[in-house]
2 protein chains.
Amino acid sequence: MSKYYLGIDLGGTEVKIAIVDGNGLIQEETSVANNKKLDHKKLIRKIIARVKALKYFQYVSGAGVGVAGDIDQVNGVVRFSPNLPLWKKVPLEKILKKHLSCPVVIDNDANVAALGAYFLDAKSKVNNLICVTLGTGVGGGIILDGKVYRGSTGSAGEIGHMPYDPEGLLCSCGSYGCIEKYIGASSLSEYAKNLIKAKGSKIITKLVNGSLNEVTPKVLAKAAEMGDVLAKTIWKEAGSKLGIVLAGVINLLNPEIIVISGGISNANNFLLKHIRDEIRKRAFKTSSSACKVIVSKYTHKLGVVGAALLAK
Amino acid sequence: MSKYYLGIDLGGTEVKIAIVDGNGLIQEETSVANNKKLDHKKLIRKIIARVKALKYFQYVSGAGVGVAGDIDQVNGVVRFSPNLPLWKKVPLEKILKKHLSCPVVIDNDANVAALGAYFLDAKSKVNNLICVTLGTGVGGGIILDGKVYRGSTGSAGEIGHMPYDPEGLLCSCGSYGCIEKYIGASSLSEYAKNLIKAKGSKIITKLVNGSLNEVTPKVLAKAAEMGDVLAKTIWKEAGSKLGIVLAGVINLLNPEIIVISGGISNANNFLLKHIRDEIRKRAFKTSSSACKVIVSKYTHKLGVVGAALLAK
């Protein structure tokens, strides 16, 4: 009998649940609605009930959970999560272990996504992989020799807080000019809004019915698809900025593959080319030639599959 | 009988040779003069004669060599070295193996220095270490789990070519604003020269007898020690710039220790404080608190000891 693993991707509006095989292929999946008002006891009760109803649950030999935020991976505690505002120091690993009667491991969403990308996008065929998740913030995960690299205190992988412009914008982390401050969804939308005010864009203005506060990366991707010059420029700039930071990461870590995932990566036609161009211009030739840069084909599954394979 | 290892640090003016024990303690050492006119056959002959005359040579169970430049670590070939201009694609590993009758491994000088720092400065007591070598250029080496991390094509560790200012100075690597272009010895000297011309410094001008082309990091360190304000400012700026890049490296890799080595690190009183200050201001708190930043106490031995321990 092959081994199966349970994955739980604890998002703010939806908890994705799946049982996968050792290669990350989903055998069975489901989900549970979440909202910010649910305390951890109620939500965990719902998750456990749903998990136990899965056909493959009886074959599960371990479970993994991915959570955004500050995770104490060693002790299995969710210290704080922006998606779960009522959760404070929840010993999630211990609680789940008791109810599921199998080993449980938890980790932050970026590490889990990187592991998902390693199994799904790279088919476990690389020695080292970097995953960049583009969402409200910019996260990162590093896989070395098939395992999540966590660093000395479990804090490694914060690509979003590498400097793009050291004299630049003040970031929420307290530093200046972190790349997240330029290409994270909220920063990018804000930047776009100001640019549209200054330069005008009929297409974007129409897409949001004149309400520029509604401009999101999704709108910008749609506008670029429709041929909007300003939207294309915004994506070009975003791709170049990320490419500059990734060129430095490539010179430092010489990875085999960089996988871009997350909501913003949907604009991949407009983003990826510029990321690659900038890397080619800036990184060492040997290292950049050896490094594939792709957009994940599995953005919406990386979390739940990566979580399951944490348990492997 | 304990095991002993032979280390060879192939510099442009001097080849350092040592036999060390498994902890990196030097049992016996010597050196051979080098110059740019020596072809590889002549130099290797001199090295082998000297090595064979060492008392401990009979106990050596492996040898390692560190060389600046483009090294094919897998095949043991020195493709190109700025210190050894007559060497082109020299199969150094094969040649030495034949004459020394023991396993031989070669690597670039920055990786070898990092390994030296791991054994000597960190006493093998950390899981991950980054070594930054400040010389004419800025090199870097990464040690994970006690081993050199090389990346997918052996090119990892190029900290000197991470961006400090993406819109900044054109670097010899073809990119813009690499940190090496600001704090590498030649760049720093050039920058200082122009600053002295513009702002004046009696102390520095006197130290070089009015010949500003003679300004080197050593002179700048001396001037700072003598209280020269301009020299202190130059070190402060250099430390801050390196600190900005290292803060990003800390957010990415969450290392336990960063060891600064190389010629310029001699100005450590003036440099280290500013590196640390900038890291504290910019890196994530958990990661920066967990990361010691020190200047190596063994700068001149790191290469030869690290080379020997490559063979371990």
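Preceding block: the structure.
Computed from a predicted structure; not experimentally measured.

A negative phi holds for most residues other than glycine; trans holds for most peptide bonds. At Ser101 of chain A, a residue that is not glycine, the phi angle is positive and equals roughly 55°. On the basis of relative accessibility, which here comes to 64%, the residue Ser101 of chain A falls in the exposed class. In this structure, Lys89 of chain B is a non-glycine residue whose phi angle is positive, near 50°. You can see Lys89 of chain B is positioned in strand E7 (residues 88-90). The exposure class assigned to Lys89 of chain B is exposed, which follows from its relative accessible area of 66%.

Residue and element names in this part refer to chain B. As summarised here, the arrangement of the 5 strands in space is E11-E10-E9-E12-E13, forming an open sheet in which the pairing is mixed. Single-partner strands in this sheet number two, and they are strand E11 (147-148) and strand E13 (292-295). Here strand E10 (residues 138-144) pairs with E11 via 2 bridges, running antiparallel. Counterpart to Ile143 in the pairing with E11 is Val148.

Okay, the packing of aromatic side chains next. Summed over the entire model, instances satisfying the criterion amount to 10 aromatic pairs over all chains. Pairing Tyr4 of chain A with Tyr56 of chain A gives two aromatic rings, centres 5.1 Å apart and planes at 75°, and the pair type is edge-to-face. A residue pair is termed long-range when its members are at least 10 positions apart, and Tyr4 of chain A in strand E1 (residues 4-10) and Tyr56 of chain A in the loop between helix H1 (40-52) and strand E4 (60-67) qualify at 52 residues. On the accessibility criterion, Tyr56 of chain A (22% relative accessible area) is partly exposed. When the centroid spacing of 6.4 Å and the interplanar angle of 50° are considered together, the rings of Tyr4 of chain A and Tyr59 of chain A count as tilted. A residue pair is termed long-range when its members are at least 10 positions apart, and Tyr4 of chain A in strand E1 and Tyr59 of chain A in the loop between H1 and E4 qualify at 55 residues. For Tyr4 of chain A, a relative accessible area of 10% corresponds to the buried category. Exposure remark for Tyr59 of chain A: the relative accessible area of 36% places this residue in the partly exposed category. Pairwise contacts between aromatic rings join Tyr4, Tyr56 and Tyr59 of chain A into one cluster. Between Lys241 of chain B and the ring centre of Tyr191 of chain B, over which it is positioned, the NZ or CZ distance is 4.9 Å.

What follows concerns the relation of the copies chain A and chain B. Between chain A and chain B, which share one sequence, the superposing operator has a rotation angle of 180° and an axial displacement of 0.0 Å; the RMSD is 0.0 Å. Such a turn and shift between the copies fits a two-fold axis. Considering only C-alpha atoms, the part of chain A nearest the rotation axis is Asp165 of chain A, at 3.3 Å. Here 100% of the contact residues of chain A are again contact residues in chain B; the copies associate through an equivalent surface.

Moving on, we get to helix H8 (residues 229-253) of chain B. Note that an α-helix has 3.6 residues per turn; residues three or four places apart therefore point the same way. Residues and elements named next belong to chain B. Over its 25 residues, H8 extends 35 Å from the first C-alpha to the last, a length consistent with the 36 Å expected when each residue adds 1.5 Å. The buried count for H8 comes to 20 of 25 residues, which makes it a mostly enclosed element. The opening residue of H8, the one whose side-chain oxygen lies 3.4 Å from the backbone nitrogen of Leu230, is Asp228. Downstream of H8 by a residue or two, Asn254 has a phi angle that is positive, lying close to 45°.

Two orientations exist for strands paired in a sheet by backbone hydrogen bonds: parallel and antiparallel. All names here are of chain B. In space, the 5 strands of this open sheet follow the order E3-E2-E1-E4-E8, with mixed pairing throughout. What marks the edges here is a single partner per strand, and that holds for strand E3 (26-33) and strand E8 (104-108). Neighbouring strand axes in the sheet, compared pairwise and without regard to direction, differ in orientation by 20° on average. Pairing between strand E1 (residues 4-10) and strand E4 (residues 60-67): 6 bridges, direction parallel. From the neighbouring strand, Leu6 faces E4, where its bridge partner is Ala63. Here helix H1 (residues 40-52) sits on the sheet in contact with E1, strand E2 (14-21) and E3, set at roughly 150° to E3. Sitting on the sheet, helix H11 (residues 299-310) touches E1, E2, E3, E4 and E8, and the angle it makes with E1 is about 130°.

To continue, consider the packing of helix H8 (residues 229-253) of chain A against helix H9 (residues 268-282) of chain A. Residue and element names in this part refer to chain A. Interhelical geometry of H8 versus H9 gives an angle of 40° and a closest axis separation of 7 Å. With respect to H9, the element H8 is oriented oblique. The element H8 and its partner H9 pack so that their crossing is right-handed. Split into classes, the residues belonging to the contact of H8 with H9 amount to 11 nonpolar, 5 polar and 4 charged.

Time to look at the packing of H8 of chain A against H8 of chain B. Where H8 of chain A meets H8 of chain B, the closest approach of the two axes is 12 Å, and the angle between their N-to-C directions is 70°. Comparing the axis directions of H8 of chain A and H8 of chain B gives the class roughly perpendicular. Of H8 of chain B, the residues touching H8 of chain A (which contributes Val249, Leu252 and Leu253 of chain A) are Val249, Leu252 and Leu253 of chain B. Looking at side-chain class alone, the contact of H8 of chain A with H8 of chain B contains 6 nonpolar, no polar and no charged residues.

What counts as what
- Residues numbered from 1 in each chain as written.
- Chains lettered and ligands numbered in written order.
- Predicted model: local features only at pLDDT ≥ 70, side-chain atom pairs only at ≥ 80, totals over all residues.
- Heavy atoms only, no water.
- Buried < 20%, exposed > 50% of the residue type's maximum accessible area, 1.4 Å probe, protein only.
- Helix = DSSP H or I, 4+ residues; strand = E, 2+ residues; numbered from the N terminus.
- Pairing = 2+ DSSP bridges.
- Phe/Tyr/Trp six-rings, centres within 6.5 Å; stacked < 30°, edge-to-face > 60°.
- Lys NZ or Arg CZ within 6 Å of the ring centre and 35° of its normal.
- Least-squares fit on C-alpha atoms with pLDDT ≥ 70 in both.
- Contact = heavy atoms within 4.5 Å.
- Expected span 1.5 Å × (residues − 1).
- Polar contact = N/O pair within 3.5 Å; in protein donor to acceptor, adjacent residues only side chain to side chain.
- Axes fitted to C-alpha atoms, helices over the stretch in contact; angles between N-to-C directions.
- Parallel < 35°, antiparallel > 145°, perpendicular 65-115°, else oblique.
- Left-handed = near helix turned anticlockwise from the far one by under 90°.
- Nonpolar A, V, L, I, M, F, W, Y, C, P; charged D, E, K, R; others polar.

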